[in-house]
Amino acid sequence: MPASWLTTQHLELELEPGCALVTLPGNLSHLEADLHLKSSLYGGLPHALFRRLCSRMPARLLQINNPTESSRHLGLVHPLPGDLICQTLADQKVTLTQHAFLACDLGVKIRMQWAGIGSVLSGQGIFHLNFSGSGRIWFAGFGALVEKNLDGELLLDPGYLVAFEDGLRFLPPSLPKLLLCLVRGEGSSPRLSGRGKLYLQSRSLRGLADWLNNHS
Amino acid sequence: MKSLMRDPCGNSLQLQLNPGRSFWILQRALVAADGDLTVRRAAYLPSRTTAGPSTALDLCENTSSDTRSIWLAAATDSHFFALADGALDMAVRARAFLAAEDGVKIASCEPVFSACQEEPEEWLGLSGSGTAIISSNGTMYQVTIDGEYLVNVDNVICYSKSLSIAAQEPKRPPTRKMANLDLSRIYHFSGRGTVWCQPNQTAALSSLLRPYLKRNSV
């Protein structure tokens, strides 16, 4: 999956005639007035409701269409200050964590998918937000984004995980660790395994919140 | 003003004042100044909104015969921008304003985005000649308007007064309301001019942080 980093904290785009983009309502910064905004239950009602229930993504997304004869300009921003990245999917799948999504082309499918037993047992959720199909997808991290090509296992703090490719899966914790977690009531650091690319961010919301909580 | 210089961290700004020159500075923005500069409270702009704070300005004068320095900082991780020398006629969010040369007239404005009923922000009108310095939360970007644009008010920190502004006309209100796109936050700018925007909205970051914060720290 080719990826390109954007050097600014906002996304400036030229939308070609007849093209459309999907984003979250709060991400819109500016656009030429003759672009058409449309509220969309993107992917259909069942998927939209499922998405709303299982992630913090709203059921209704904002679809921006260019009905004119020439390209039109628009700008998007992400609520977290940090790097933006654009990935081009070609019949591939990428999983994004909460708050990472910025925008995607109209051809990209957004689905909640079963995350696997490893994810459930390691506390990383039952369903993950997957983006598949063909087209561009823009996502953002909190702070700097770090790209890592994984071929094996990686122990990580999930608060720093932004996105990972389809070849990667969470491993279930070993039985002793699982029992220890249940007894102590603490979570264990999950492990990602497989072959593929993942993106980490240099800051985490929970880390910042803990820091603020200590100073309150 | 002789030159502008950012420090390596990018979060403070050093200004060099030529002899006989003076600068208006937002009260909270002054970090330090050379000892022989005169700094006095020179203006107090009352709030034009119901709950907004008043804006206090200090006047920093260089009465010495040499160039002197002052250091400024903004409240957040900031990007600084000097609005062009020459004729200024623009509105600036008071929180984004840092400093201006003495030739710049500064006045408090009526709430600019009147349809935003809870518009808590103070706005300042800048006119006259000279340089004004503004700061943004994140890397500032400009939207050059020649025609018609819709702009999210929360991102706007400054705009040319040559632009006409109107609350977004309700051409397609049902779809926008359904999209959870708060219509009152989108404004219709038309004409020719520039809007300066900031990428980071403190309110948006705050709402993402809220679930993790202890109740008494919100």
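Bear in mind that the values here come from a model prediction, so they are computed numbers and not experimental data.

> How would you sum up the overall build of chain A? Please name residues and give values.
Secondary structure summary: chain A contains 4 helices and 15 strands in total. Taken over C-alpha atoms, the radius of gyration comes to 18 Å for chain A, in line with the 17 Å a tight globule of 216 residues would show. Counting only C-alpha atoms and orienting by the principal axes, one finds that chain A spans roughly 65 × 40 × 30 Å. Expressed as a percentage of the 216 residues in chain A, the buried residues total 50%. Put simply, of all contacts in chain A between residues at least 6 apart along the chain, 81% involve residues at least 24 apart. Carbon and sulfur atoms form 55% of the exposed surface of chain A, whose accessible area is close to 9,800 Å².

> How would you sum up the overall build of chain B? Please name residues and give values.
Scanning chain B from N- to C-terminus turns up 2 helices and 17 strands. Among the 218 residues that make up chain B, the fraction classed as buried is 50%. The long-range fraction of contacts in chain B, counting pairs at least 24 apart against all pairs at least 6 apart in sequence, stands at 77%. Looking at chain B as shown, the accessible area adds up to about 10,200 Å², and 49% of this sits on carbon and sulfur atoms.

> Pulling in residues and values, what's your account of the packing of helix 4 (residues 205-214) of chain A against helix 2 (residues 202-209) of chain B?
As a packed pair, helix 4 of chain A and helix 2 of chain B sit with axes 10 Å apart at the nearest point and diverge in direction by 90 degrees. Classed by the angle they form, the pair helix 4 of chain A and helix 2 of chain B counts as roughly perpendicular. When helix 4 of chain A is examined against helix 2 of chain B, the residues L205, L208, A209 and L212 of chain A are found in contact with a partner set consisting of L205, L208 and L209 of chain B. Taken together, the residues of the contact of helix 4 of chain A with helix 2 of chain B break down into 7 nonpolar, no polar and no charged.

> With reference to specific residues and values, describe a nonpolar patch on the surface.
Taken together, the side chains of W114, I117, V120, L121, I126 and F127 of chain A present a nonpolar region at the surface, about 550 Å² in accessible area. Take the nonpolar patch: its biggest share by element is 3 residues, from helix 2 (residues 117-121) of chain A.

> Talk me through the pairing of strand 6 (residues 55-61) of chain B; I want residue IDs and the actual numbers.
Along any regular strand the residues' side chains alternate between the sheet's two faces. Residues and elements named next belong to chain B. Taken across its 7 residues, strand 6 has 6 buried, putting it largely inside the fold. By the bridge criterion, 5 bridges tie strand 3 (residues 22-26) to strand 6 in an arrangement that is antiparallel. Within strand 6, the residue paired with I25 across the bridge is D58.

> I'd like to hear about unusual backbone geometry, residue by residue, with values.
All names here are of chain A. Within the chain, D91 stands out as a residue other than glycine whose phi angle is a positive 55 degrees. Along the chain, D91 falls in strand 8 (residues 84-96). A positive phi angle is found at H99, which is not glycine, with a value near 75 degrees. Assignment of secondary structure puts H99 in the loop between strand 8 and strand 9 (101-105).

> Help me get a handle on the interface of chain B and chain A, residues and values and all.
At the junction of the two partners, chain B supplies 31 residues and chain A supplies 33 residues. Between chain B and chain A lies a buried interface of about 3,000 Å² when both sides are counted; carbon and sulfur atoms form 62% of it. Linking chain B with chain A are 0 salt bridges. Linking chain B with chain A are 8 residue pairs in polar contact (both at pLDDT 80 or more). Among the elements of the structure, strand 14 (141-152), helix 1 (173-178) and helix 2 of chain B are those that each provide at least two residues to the side of chain B that touches chain A.

> Give me the packing of aromatic side chains: which residues, what numbers.
Considering all chains together, one arrives at 6 aromatic pairs over all chains under this definition. Ring centres of F164 of chain A and F170 of chain A lie 5.8 Å apart, and the angle between their planes is 85 degrees; this geometry places the pair in the edge-to-face category. Judged by its relative accessible area of 4%, F164 of chain A is buried. In this structure an aromatic cluster arises from ring pairing among W123, Y159 and F189 of chain B.

Rules behind the numbers
- Residues numbered from 1 in each chain as written.
- Chains lettered and ligands numbered in written order.
- Predicted model: local features only at pLDDT ≥ 70, side-chain atom pairs only at ≥ 80, totals over all residues.
- Heavy atoms only, no water.
- Helix = DSSP H or I, 4+ residues; strand = E, 2+ residues; numbered from the N terminus.
- Rg over C-alpha atoms; globule rule 2.2 N^0.38 Å.
- Buried < 20%, exposed > 50% of the residue type's maximum accessible area, 1.4 Å probe, protein only.
- Contact = heavy atoms within 4.5 Å.
- Areas by Shrake-Rupley, 256 points an atom, 1.4 Å probe, with all protein chains shown as cover.
- Axes fitted to C-alpha atoms, helices over the stretch in contact; angles between N-to-C directions.
- Parallel < 35°, antiparallel > 145°, perpendicular 65-115°, else oblique.
- Nonpolar A, V, L, I, M, F, W, Y, C, P; charged D, E, K, R; others polar.
- Patch = residues over 30% accessible without salt bridge, like charges linked within 9 Å, V, L, I, M, F, W, Y side chains within 5 Å.
- Salt bridge = Lys/Arg side-chain N within 4 Å of Asp/Glu carboxyl O.
- Pairing = 2+ DSSP bridges.
- Buried area = accessible area lost by both parts, 1.4 Å probe.
- Polar contact = N/O pair within 3.5 Å; in protein donor to acceptor, adjacent residues only side chain to side chain.
- Phe/Tyr/Trp six-rings, centres within 6.5 Å; stacked < 30°, edge-to-face > 60°.

Spatial relationships are all this shows, so hold off on functional conclusions.
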